[in-house]
Amino acid sequence: MVSDQQDGAIIGRKSFTAVAINCAAKAGEWIKTKLGNYEKLDTKMSAQDLVTEVDKGSEKLIKRLILTHFPDHSFLGEEGVEPGPEASAKALESKLQDEYLWIVDPIDGTTNFVHGFPFFVVSIALAYRGEVIVGVVYDPLKDELFLAEKGKGAYVHGKRMSVSPEDTLGSGLVATGFPADQQYALPLNMKGLQALAPQVRNIRSGGSAALHMAYVAAGRLSGFWEIGLNSWDLAAGSLLVQESGGQVTDTSGRPYHLGVRNVAASNGHIHGELVDALTKAEAAE
Ligand code: IPD
Ligand code: CA
Ligand code: CA
């Protein structure tokens with residue numbers, strides 16, 4: 001008989017994924033019961049940066065479940081970090097070297113959740129020594145679970161995902177977001193929007209970076225870019241896109257890592273054009 005010890009890597013990896021799925025599903029189901037039904041709305045960094053008790057409750061539920069299974073793992077969740085880019089970068093920096101680090105956005109798309117606009121998700125990633133090895137994005141309203149394991153592909157509804165075939169920016173459907181940071185991120189993103197709008201087939205902005213990334217992975221979007229995101233917005237989605245055959249870099253075309261805040265993700269075919277257009281518009285960083 002093979003002991004857990006001997007077979008540790010395989011058993012370990014499998015159960016990481018099972019726990020990630022279970023957390024996302026449990027949190028997602030609970031969030032759904034709170035739709036149109038939250039009690040407390042607060043703002044964080046700016047008037048556009050919202051948080052409810054449901055964001056906090058979702059993170060608490062996920063953290064408790066993860067640490068029950070893996071008490072020696074590290075945890076980084078949005079609601080456990082002070083608002084603002086400096087605090088986020090510092091929090092990530094302090095945990096980046098940890099062996100196993102869970103990176104969680106308990107609701108990505110809080111503004112949508114608050115307004116009842118049906119485009120928000122739970123995003124859960126596990127990084128091993130700074131590299132994402134499991135990514136789960138769960139959309140509770142559509143009951144769609146996007147899952148990727150490093151080197152093993154990405155799946156939705158148990159079906160293998162692959163990115164879309166468009167090979168020119170002009171034939172691409174591209175998404176972006178409107179960051180809550182009005183000082184630095186929003187103006188830069190608006191420059192990109194201005195430059196890209198006439199160059200692409202069309203632009204969408206659903207209001208959840210993690211779900212946009214999942215849609216790039218699923219071939220529903222050709223690309224996505226946004227300035228000023230955090231590790232928890234992108235970690236799970238980055239693996240979804242890569243494992244679906246797409247490309248993820250910063251907006252200047254440098255390789256993705258957990259510290260990337262300005263992201264460009266695409267089906268790969270339009271990546272060069274996307275990054276070039278942002279760079280030319282001085283909208284990359
Ligand atoms: C936000 C969403 C939104 C993006 C913002 C993010 P949150 O995350 O991903 O699409 O434009 O920049 O902060 O606050 O809903 O978790
Ligand atoms: Ca987020
Ligand atoms: Ca959030």
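Keep in mind that what you see is a predicted model, and the values were worked out from it rather than measured.

**Points about unusual backbone geometry**
With a phi angle near 50 degrees, His157 is a residue other than glycine that sits in the positive phi range. With respect to the element layout, His157 can be found in the loop between strand E8 (153–156) and strand E9 (159–160). A positive phi angle, near 55 degrees, is found at Glu282, a position not held by glycine. Within the element layout of this structure, Glu282 appears in the segment after helix H8 (271–280).

**As for the pattern of salt bridges**
Taken as a whole and assessed by the stated rule, the structure comprises nine salt bridges. With a shortest N-O distance of 2.9 Å, Asp42 and Lys40 are connected by a salt bridge. Between Lys44 and Glu78 there is a salt bridge, with the nearest N and O atoms lying 3.4 Å from each other. Residue Lys44 is located in the loop between strand E1 (41–43) and strand E2 (50–52), and its partner Glu78 is located in the loop between strand E3 (74–77) and helix H3 (85–95); the two are separated by 34 residues in the primary sequence. For Glu78, a relative accessible area of 16% gives the class buried. Here the salt bridges share partners, and the residues they tie into one network are Lys44, Glu78 and Glu79.

**Thoughts on the side chain of Ser208**
Position of Ser208 relative to the elements: it lies in the loop between strand E11 (202–204) and helix H6 (209–217). Leaving out residues up to four positions away in the same chain, Ser208 has contacts with Asp108, Gly109, Asn112, Phe119 and Val121.

**Here's the deal with the coordination of the calcium ion (ligand 2)**
Here the calcium ion (ligand 2) is held by the protein donor atoms Asp105 (OD), Asp108 (OD) and Asp233 (OD), which lie 2.1 to 2.2 Å from it. In the primary structure, the donors to the calcium ion (ligand 2) are separated according to the pattern D-x2-D-x124-D. Between the calcium ion (ligand 2) and the calcium ion (ligand 3) the interatomic distance comes to 3.7 Å, and Asp105 is a ligand of both metals. Of this pair, Asp105 sits in strand E4 (residues 100–108) while Asp233 sits in helix H7 (residues 231–243), and the two are 128 residues apart along the sequence. For Asp105, a relative accessible area of 0% puts it in the buried group. Its relative accessible area of 8% is what places Asp233 among the buried residues.

**A few points about the domain arrangement of the protein chain**
The accessible area lost on association of the parts is a frequent measure of interface size. When the domains of the protein chain are assigned, the result is domain 1 (3–160) and domain 2 (169–280). For domain 1 and domain 2, the distance between their C-alpha centres works out to 20 Å. Between domain 1 and domain 2, the residue contacts involve 45 residues of the former and 29 residues of the latter. Of the roughly 2700 Å² buried between domain 1 and domain 2 on both sides combined, carbon and sulfur atoms contribute 67%. Of all residues in domain 1, Asp108, Phe119 and Phe146 bury the most surface against domain 2, accounting for 21% of the area lost on that side.

**Here we look at the coordination of the calcium ion (ligand 3)**
Around the calcium ion (ligand 3), the protein contributes the donor atoms Glu78 (OE), Asp105 (OD) and Ile107 (O), at 2.2 to 2.3 Å from the metal centre. Mapping the donors of the calcium ion (ligand 3) onto the primary sequence yields the spacing E-x26-D-x1-I.

**Considering the site of ligand 1**
Every one of the 15 residues lining ligand 1 counts as a neighbour, but Asp108, Gly109, Thr110, Gly207 and Glu226 are closest to it. Ser208 is positioned such that a nitrogen or oxygen atom in its backbone is 3.1 Å from an oxygen atom of ligand 1. In a pocket analysis with a 2 Å cut-off to the grid points, ligand 1 is assigned to the largest pocket. Broken down by class, the residue content of the shell around ligand 1 amounts to five nonpolar, five polar and five charged.

**Some details on the nonpolar core**
Counting 42 residues, the largest nonpolar core has Ile103, Val137, Phe146 and Leu240 as the members making the most contacts within it. Of the residues forming this core, the biggest block, eight residues, is contributed by H6. Two domains each provide a minimum of three residues to this core, namely domain 1 (3–160) and domain 2 (169–280). Once residues lying within four places of it in the same chain are set aside, the contact partners of Ile103 are Leu76, Ser123, Ile124, Ala125, Ala127, Ser231, Trp232, Ala235 and Leu258. By size, the runner-up hydrophobic cluster in this structure holds 30 residues, among which are Val19, Ala20, Trp102 and Leu126.

**Describing the packing of aromatic side chains**
In the structure shown here, the tally under the stated rule is eight aromatic pairs. Look at Tyr38 and Phe113: their rings are 6.1 Å apart centre to centre, the planes differ by 45 degrees, and that puts the pair in the tilted class. Taken together, the positions of Tyr38 in the loop between helix H1 (8–33) and E1 and Phe113 in helix H4 (residues 110–115) put the pair 75 residues apart, joining distant regions of the chain. Given a relative accessible area of 26%, Tyr38 falls into the partly exposed group. Their ring planes at 50 degrees and their centres at 5.0 Å tell us that Tyr100 and Tyr128 sit as a pair that is tilted. Taken together, the residues span a long stretch of sequence, with Tyr100 in strand E4 and Tyr128 in strand E5 (residues 121–128) at a distance of 28 residues. Against the face of Tyr215 rests Arg220, its NZ or CZ located 4.8 Å from the ring centre.

Cut-offs applied
- Residues numbered from 1 in each chain as written.
- Chains lettered and ligands numbered in written order.
- Predicted model: local features only at pLDDT ≥ 70, side-chain atom pairs only at ≥ 80, totals over all residues.
- Heavy atoms only, no water.
- Helix = DSSP H or I, 4+ residues; strand = E, 2+ residues; numbered from the N terminus.
- Salt bridge = Lys/Arg side-chain N within 4 Å of Asp/Glu carboxyl O.
- Buried < 20%, exposed > 50% of the residue type's maximum accessible area, 1.4 Å probe, protein only.
- Contact = heavy atoms within 4.5 Å.
- Donors = N, O, S within 2.8 Å, 3.2 Å for Na, K, Ca; no water.
- Domains from an automatic or database assignment.
- Buried area = accessible area lost by both parts, 1.4 Å probe.
- Near = heavy atom within 4 Å.
- Polar contact = N/O pair within 3.5 Å; in protein donor to acceptor, adjacent residues only side chain to side chain.
- 1 Å grid on protein atoms, 1.4 Å probe; cavity = no way out; pocket = protein on both sides within 12 Å on 5 of 7 lines; lining within 4 Å.
- Sits in = over half its atoms within 2 Å of the grid points.
- Nonpolar A, V, L, I, M, F, W, Y, C, P; charged D, E, K, R; others polar.
- Core = buried A, V, L, I, M, F, W, Y, C linked by side-chain atoms within 4.5 Å.
- Phe/Tyr/Trp six-rings, centres within 6.5 Å; stacked < 30°, edge-to-face > 60°.
- Lys NZ or Arg CZ within 6 Å of the ring centre and 35° of its normal.

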